[in-house]
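# Observations on the three-dimensional arrangement
Single-letter residue listing:
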Amino acid sequence: MSFQLSDSALLRNASFIDGVWQEGEGHKLPVVNPATGAVVAEVLTTDRKGTEKAIAAAEVAMTAWKAQPAKQRAQVLRRWFELMMTHQEDLAQIMTIEQGKAIAESRGEVAYGAAFMEWFGEQAKRIDGDVIPAPSADKRVVCIKQPVGVVAAITPWNFPNAMIARKAAPALAAGCSIVIKPASETPLSALAMAELAHRAGVPPGVVNVVVGASSAIGPALTESPVVRKLTFTGSTDVGRQLEQACAQTLKRTSMELGGNAPFIVFDDADLDAAVAGALVSKYRNSGQTCVCTNRILVQEGVYEEFVDRLVAATAALKMGDGLDPNTDQGPLVNEGAVDDVERLVALSTAAGATVALGGARSDLGPCFYQPTILTDVTPDMAVFRNEIFGPVAPVTVFHDESEAIALANDTEFGLAAYFYTRDIGRVWRVAEALDYGMVGINEGIISNEMAPFGGVKWSGSGREGSKYGIEDYLDIKYILMGGLDR
């Protein structure tokens, strides 16, 4: 498939620090297209010293940035949004060649990411404080909100555009500056966004992108007393490590971590809608999202019919290079991801699961794994207990509502859950009983910039998006004014 940008300046190959693209000799990180195995770019990496330079630049730049009227910050974010949408196709192509997802999904992600720039630009003008009733007539009590400080953001490879936007937009809206460490698999999307931020008028030092080894950059971010907040999207294991590291400087953190999403189909569900919802929720980004359906729970009365319909719908998905407009399923991000999926399937089939569809690598290349459906899955199996992060749909039968809730909650994670029913009483009962931060009812896609995204239990803390999302970037200051009777 051909790859050609309308604006070649968006393809950057070095870190962006204090408004300058870094130059010099050093280690170069190869960026590999998982669909073809071809190296599409080499990015000059930075190290701890470069990261500390970015932190220092962010500290200096924030003084002027936070002093700007909220309306001016909003206008900059609005320009960033407009530039992202103007260059939607180029950003989507960059994303597909480094991450692998189908080009239609990449275009959708760019629009989704841009929406956070628009939303939080508007929220910048709505950071309101309070006047609180005073304890006596000679006093007045006021609360104001101020930016928390320099923000560090560590973002994942599965949504290399949107996860940056979801963090950078509220940080800038609040008056913070930010240092972004993108995943080594997908630095090009982050650097393209930095280029557009610069064009939008974001002042030097307010947005910095550092590319390099986590072992060098991570400690610089967590140990710095200048960095007052760290926001991370990634695995629960890494989230724990970052929480422990940040504790030494008592940073504020927000963690969007792993998931094990149940998708419940009750016997009164609209099966056509449920199959369509399962398809998009399970196989979006080839199953590589933290809110992907991980376990499908189907009531016994409709179990066989649902499985038959899901198999037929899944079999129609077309695998291929993400740049091919006909592709529904691209590759996984690398061969290690395929190894992990293959291991989980092997463990589960050895324990008694049945392969109803797929269940093997594809001959399209080493990073491709067939869309797969496993039936006869029980709660003790590996695909039930673990986040799969691949195109595998395990299906489990249940008997009644209470069993469905118990099976759904039988996990340490609590990010997203889904269920299908047409019973209004069941809607409320099940939604309230599910121990998750987000619940989709008769819908397989729940994310949008106006809604709070985040989980409970081992899925992390904090919320991104919505009016709540900016609060993680603000401190509340209480001001008591006395002597007003004189």
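Just above sits the structure.
Owing to the predicted nature of the structure, the values given are computational and were not obtained by experimental measurement.

Take the nonpolar core next. Counting 65 residues, the largest nonpolar core has Trp80, Met117, Leu172 and Ile178 as the members making the most contacts within it. Per-element tally for this core: the top contributor is helix H5 (residues 162–174), with 10 residues. Excluding its chain neighbours within four sequence positions, the residues that come into contact with Ile178 are Val151, Ala153, Lys167, Ala168, Ala171, Leu172, Val206, Val207 and Asn208. One finds Leu297, Tyr369, Ala382 and Val430 within the second-largest nonpolar core, a separate group that totals 32 residues.

Between helix H2 (residues 70–86) and helix H6 (residues 187–200), the least distance of the axes is 8 Å, while the angle of their chain directions is 130°. When the axes of H2 and H6 are compared, the pair comes out oblique. Handedness of the crossing formed by H2 with H6: right-handed. Seen from H2, the contacting residues are Val76, Arg79, Trp80, Leu83 and Met84; seen from H6, they are Met193, Leu196, Ala197, Arg199 and Ala200. Taken together, the residues of the contact of H2 with H6 break down into eight nonpolar, no polar and two charged.

Right, let's get into the layout of surface pockets. One number sums up the size of the largest pocket: a volume of about 1,200 Å³. Around the largest pocket, the lining comprises 45 residues; the ones closest to its centre are Trp157, Gly234, Ser235, Thr236 and Val238. When residues of the lining of the largest pocket are traced back to their parent elements, those giving at least two are helix H7 (214–223), strand S10 (227–233), helix H8 (236–247) and helix H11 (335–350). Considering only residue class, the lining of the largest pocket consists of 21 nonpolar, 16 polar and eight charged.

Moving on, we get to the packing of aromatic side chains. Taken as a whole, this structure holds nine aromatic pairs when the rule is applied. When the ring of Phe263 is compared with that of Tyr418, the centres are 6.1 Å apart and the planes differ by 35°; the resulting orientation is tilted. Residue Phe263 is found in strand S12 (residues 261–265), and its partner Tyr418 is found in strand S18 (residues 416–420); the two are separated by 155 residues along the sequence. We note that Phe263, like Tyr418, is buried. Counting every residue linked through ring pairs, the aromatic cluster contains Tyr112, Phe116 and Phe120. Stacked on the ring of Phe159, the Lys or Arg Lys101 has its end atom at 4.0 Å from the ring centre. Above the plane of the ring of Tyr473 lies Lys229, whose end atom (NZ or CZ) is 4.8 Å from the centre.

Next up on the list: the side chain of Thr375. Considering the arrangement of structural elements, one finds Thr375 in strand S15 (residues 372–375). If near-sequence neighbours (up to four positions away) are discounted, Thr375 is found in contact with Tyr303, Val307, Ala353, Thr354, Ala356 and Val395.

What follows is about H8. Compared with an ideal rise of 1.5 Å per residue, which puts 12 residues at 16 Å, H8 spans 16 Å between its outermost C-alpha atoms and is within 8% of the ideal. Residues Thr236, Gly239, Leu242 and Cys246 constitute the buried set of H8. Burial along H8 is one-sided: seen end-on, the buried residues are contained in an arc of 115°. Residues of H8 that are exposed and angled more than 90 degrees away from the buried face: Asp237, Gln241 and Gln244. Lining the buried residues of H8 we find strand S7 (150–154), H7, S10, strand S11 (252–256) and strand S17 (413–414).

Across residues other than glycine, the phi torsion is negative in most instances, and most of the peptide bonds are trans. Positive phi values are uncommon outside glycine, yet Asp18 reaches one of about 55°. For Asp18, the location among the structural elements is in the loop between strand S1 (16–17) and strand S2 (20–21). Residue Asp18 is classed as partly exposed on the basis of its relative accessible area of 37%. Positive phi, close to 60°, is recorded for Asp376, a residue that is not glycine. If you trace the backbone, Asp376 turns up in the loop between S15 and helix H12 (382–385). With a relative accessible area of 42%, Asp376 lands in the partly exposed category.

A turn of α-helix holds 3.6 residues, and therefore any two residues three or four places apart point the same way. Taken residue by residue, H7 has Ile217, Gly218, Ala220, Leu221 and Thr222 as its buried positions. Tucked inside the fold, the buried residues of H7 contact helix H1 (48–67), S7, strand S8 (178–181), S10 and H8.

What counts and what doesn't
Residue positions are given per chain, counting from 1 as you read along its sequence in written order. With pLDDT at 70 or above as the cut-off, local features in this predicted model cover only qualifying residues; side-chain atom pairs require 80 or more to be listed or tallied, and sums for whole chains, interfaces and linings still use all residues. The side-chain numbers reported here are obtained from all heavy atoms of the structure, hydrogens and water having been left aside. Here the nonpolar core consists of buried residues drawn from Ala, Val, Leu, Ile, Met, Phe, Trp, Tyr and Cys, with membership extended through side-chain atoms lying within 4.5 Å. Burial classes: relative accessible area under 20% of the type maximum marks a residue as buried, over 50% as exposed, and values in between as partly exposed (1.4 Å probe, protein chains only). Runs of E in the DSSP output that reach at least two residues are strands. Runs of H or I that reach at least four are helices, and both are numbered from the N terminus. It only takes one pair of heavy atoms within 4.5 Å for two residues to be counted as in contact. Angles shown run from 0 to 180 degrees and are taken between the N-to-C directions of axes, each axis being a line fitted to C-alpha atoms and, for helices, limited to the stretch in contact. If an angle is under 35 degrees, it is roughly parallel; if it is over 145, roughly antiparallel; if it lies from 65 to 115, roughly perpendicular; otherwise it is oblique. Crossings are classed by handedness, with left-handed meaning an anticlockwise turn of the near helix from the far one by less than a right angle and right-handed meaning a clockwise turn. Under the scheme applied, nonpolar residues are Ala, Val, Leu, Ile, Met, Phe, Trp, Tyr, Cys and Pro; charged residues are Asp, Glu, Lys and Arg; polar residues are all the others, including Gly. Points on a 1 Å grid over protein atoms alone make up a cavity when a 1.4 Å probe fits among them but cannot get out, and a pocket when they form an open set with protein on both sides within 12 Å along at least five of seven lines; lining residues each have an atom within 4 Å of a point. Grid points are joined across faces, edges and corners, and a volume is the space filled by probe spheres set on the points. Aromatic pairs are defined between Phe, Tyr and Trp rings, using the six-membered ring for Trp, whenever the two ring centres lie within 6.5 Å; interplanar angles under 30 degrees are classed as stacked, those over 60 as edge-to-face, and all others as tilted. The rule is short: NZ of Lys or CZ of Arg within 6 Å of the ring centre and within 35 degrees of the ring normal puts a charge over the ring. Any helix carries an expected span of 1.5 Å times its number of residues minus one. Along the arc lie the directions from the helix axis toward the C-beta atoms.

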